[in-house]
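Structural features, examined
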Amino acid sequence: MLADWWQYDFLRYTLFSGILIGLICPILGTFLIVRRLSMMADGLSHVTLSGVAAGMLLSKKVAFFAAINPLFFGMIFSVIGSLFIERLRKVFRSQQDLAIPIILSGGLGLFTVLISIADGFNADLYSYLFGKIVTVTIEDLYALVGVAVVVLGTVLLIYKELFAVSFDEEFARVSGVSRRAINLWFMVLVALTIAASMRIVGVLLISALITLPVAASLQISGSFRQTILYAIVFAQTSVLGGLYFAYLLDWASGGTIVLMAVLILLVVLGVKKLKVLFR
């Protein structure tokens, strides 16, 4: 069974992509949860889905776009959506959480309209919704590698600034940190990560991989750095275990990965509860 992962190209692409996703999603997820923006991934995922649908529609109607991967349209839409969220957070200063459902509703509405124009819902779009191992291509892997390099490079270079803005924006401003630039760039990174992870996890489930490992990590970590470290471990376990069982049982990869993440969270909560009882 394990030999198959090295024998077939698409399985190798899936494995490497999964490892990268299990690395960058919990890192960004930790910052998102600290910022109380855990639902942002849901909002951007629907906008990304609209971009994929737009790419498929264009490839169907215009021959020039037929050779372009719809994933790149998803990335463009996702980045635009992230910038809109940041702008709306400025408009609704007292109700910043309103920005996410506004973008989510708009993205879902646009997706529905584009699907109706395209006359239907095809199997290829289904793989973007829920993830499917056999659909991962070398182009998807290259896109994910590029996103991972940018995300990891950003976190390494401006970790202190990201930390400051995430925990206390006023303190960051007084300290001379450019809050606006960092917030905008962080939103773009989240948008690109969501779009690049679609083939593995599925656009409707990517938010779970961003938040669930972090939720489990918060139960046992004692510092911010530990939270990131444990979240990466839990995410990698979820991704690799989910991919294995998805291939073995012919299940959707996204759903299987998320179920693994839920199981890990339940185990962590259970062990923590048992420790309290024994004490």
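Residues numbered from 1 in each chain as written. Predicted model: local features only at pLDDT ≥ 70, side-chain atom pairs only at ≥ 80, totals over all residues. Heavy atoms only, no water.

With that settled, the discussion passes to the overall build of the protein. Along the protein, the regular secondary structure elements total 14 helices and zero strands. N-terminal to C-terminal, the α/β element order of the protein is α-α-α-α-α-α-α-α-α-α-α-α-α-α. Relative to the globule expectation of 19 Å for 279 residues, the C-alpha radius of gyration of the protein, 19 Å, shows essentially globular dimensions. Overall size of the protein, expressed as C-alpha extent along the three principal axes, is 60 × 50 × 30 Å. Out of the 279 residues belonging to the protein, those deemed buried represent 51%. (Helix = DSSP H or I, 4+ residues; strand = E, 2+ residues; numbered from the N terminus. Rg over C-alpha atoms; globule rule 2.2 N^0.38 Å. Buried < 20%, exposed > 50% of the residue type's maximum accessible area, 1.4 Å probe, protein only.)

The positions UniProt marks with the feature "transmembrane region" (unreviewed entry) are residues 12–34, 64–86, 98–121, 141–159, 180–197, 203–220, 227–245 and 251–271. Segment residues 141–159 splits into 95% helix and 0% strand. End C-alpha atoms: 26 Å apart. (UniProt positions renumbered as here; feature names shortened; annotations may be inferred.)

Turning next to the packing of helix α8 (residues 159–167) against helix α10 (residues 179–196). Think of two packed helices as two axes; the pair is described by the angle between the axes and how far apart they sit. One way to put it is that α8 packs onto α10 with a least axis distance of 10 Å and a crossing angle of 95°. One finds that α8 runs roughly perpendicular with respect to α10. Contacts from Glu161, Leu162 and Val165 of α8 reach α10 at Arg179, Ile182, Asn183 and Phe186. Here the contact of α8 with α10 is built from residues that sort into four nonpolar, one polar and two charged. (Axes fitted to C-alpha atoms, helices over the stretch in contact; angles between N-to-C directions. Parallel < 35°, antiparallel > 145°, perpendicular 65-115°, else oblique. Contact = heavy atoms within 4.5 Å. Nonpolar A, V, L, I, M, F, W, Y, C, P; charged D, E, K, R; others polar.)

For the rest of this paragraph, the subject is unusual backbone geometry. Of note in this structure, Arg36 is not a glycine but carries a positive phi near 60°. Summarising the element assignment, Arg36 is placed in the loop between α2 (9–34) and α3 (40–61). Residue Arg36 is classed as exposed on the basis of its relative accessible area of 75%. Unusually for a residue other than glycine, Asp250 sits at a positive phi of about 60°. With respect to the helices, strands and loops of the structure, Asp250 is situated in the loop between α13 (224–249) and α14 (253–278). Of the residues examined, Asp250 reaches a relative accessible area of 69% and is grouped as exposed.

Taking 1.5 Å per residue as the helical rise, helix α5 (residues 99–117) with its 19 residues ought to reach 27 Å, and the 27 Å between its terminal C-alpha atoms agrees with that figure. Residues of α5 that are buried include every one of Ala99, Ile100, Ile103, Gly107, Phe111, Leu114 and Ile115, and no others. When α5 is viewed along its axis, its buried side chains cluster within an angular range of 120° and face the same direction. (Expected span 1.5 Å × (residues − 1). Arc of directions from axis to C-beta.)

With that out of the way, let us pick up the environment of Leu259. With respect to the helices and strands, Leu259 occurs in helix α14. Overall, Leu259 belongs to the exposed group, its relative accessible area being 54%. Sequence separation between Leu259 and Leu209 is 50 residues, and the spatial gap between their C-alpha atoms is 9.8 Å.

Moving on to the packing of aromatic side chains. All told, the structure shown has 12 aromatic pairs when counted by the stated rule. Arranged with centres 5.9 Å apart and planes meeting at 65°, the rings of Phe65 and Phe73 form a pair that is edge-to-face. The structure contains a cluster of three or more aromatic residues connected by ring pairs, namely Phe31, Tyr159, Phe163, Phe167, Phe186 and Phe224. The ring centre of Phe186 lies 4.4 Å from the NZ or CZ of Arg35, which sits over that ring. (Phe/Tyr/Trp six-rings, centres within 6.5 Å; stacked < 30°, edge-to-face > 60°. Lys NZ or Arg CZ within 6 Å of the ring centre and 35° of its normal.)

This next bit is on the packing of α2 against α13. The interhelical angle for the contact between α2 and α13, taken along N-to-C directions, is 145°, at an axis separation of 8 Å. Considering only the axes of α2 and α13, their crossing is right-handed. Seen from α2, the contacting residues are Leu11, Thr14, Leu15, Gly18, Ile19, Gly22, Leu23, Pro26, Ile27, Thr30, Phe31 and Val34; seen from α13, they are Phe224, Thr227, Ile228, Ala231, Ile232, Ala235, Gln236, Val239, Leu240, Leu243 and Tyr247. Tallied by class, the residues present in the contact of α2 with α13 amount to 17 nonpolar, six polar and no charged. (Left-handed = near helix turned anticlockwise from the far one by under 90°.)

With that settled, consider the nonpolar core. Residues Phe31, Met40, Met75, Leu125 and Val190 are the most contacted members of the largest nonpolar core, which totals 77 residues. When sequence neighbours within four positions are dropped, the list of residues in contact with Phe31 reads Tyr159, Leu162, Phe163, Ser166, Phe186, Phe224 and Ile228. Of all hydrophobic cores here, the second largest spans nine residues; its members include Ala216, Phe234, Val258 and Ala261. (Core = buried A, V, L, I, M, F, W, Y, C linked by side-chain atoms within 4.5 Å.)

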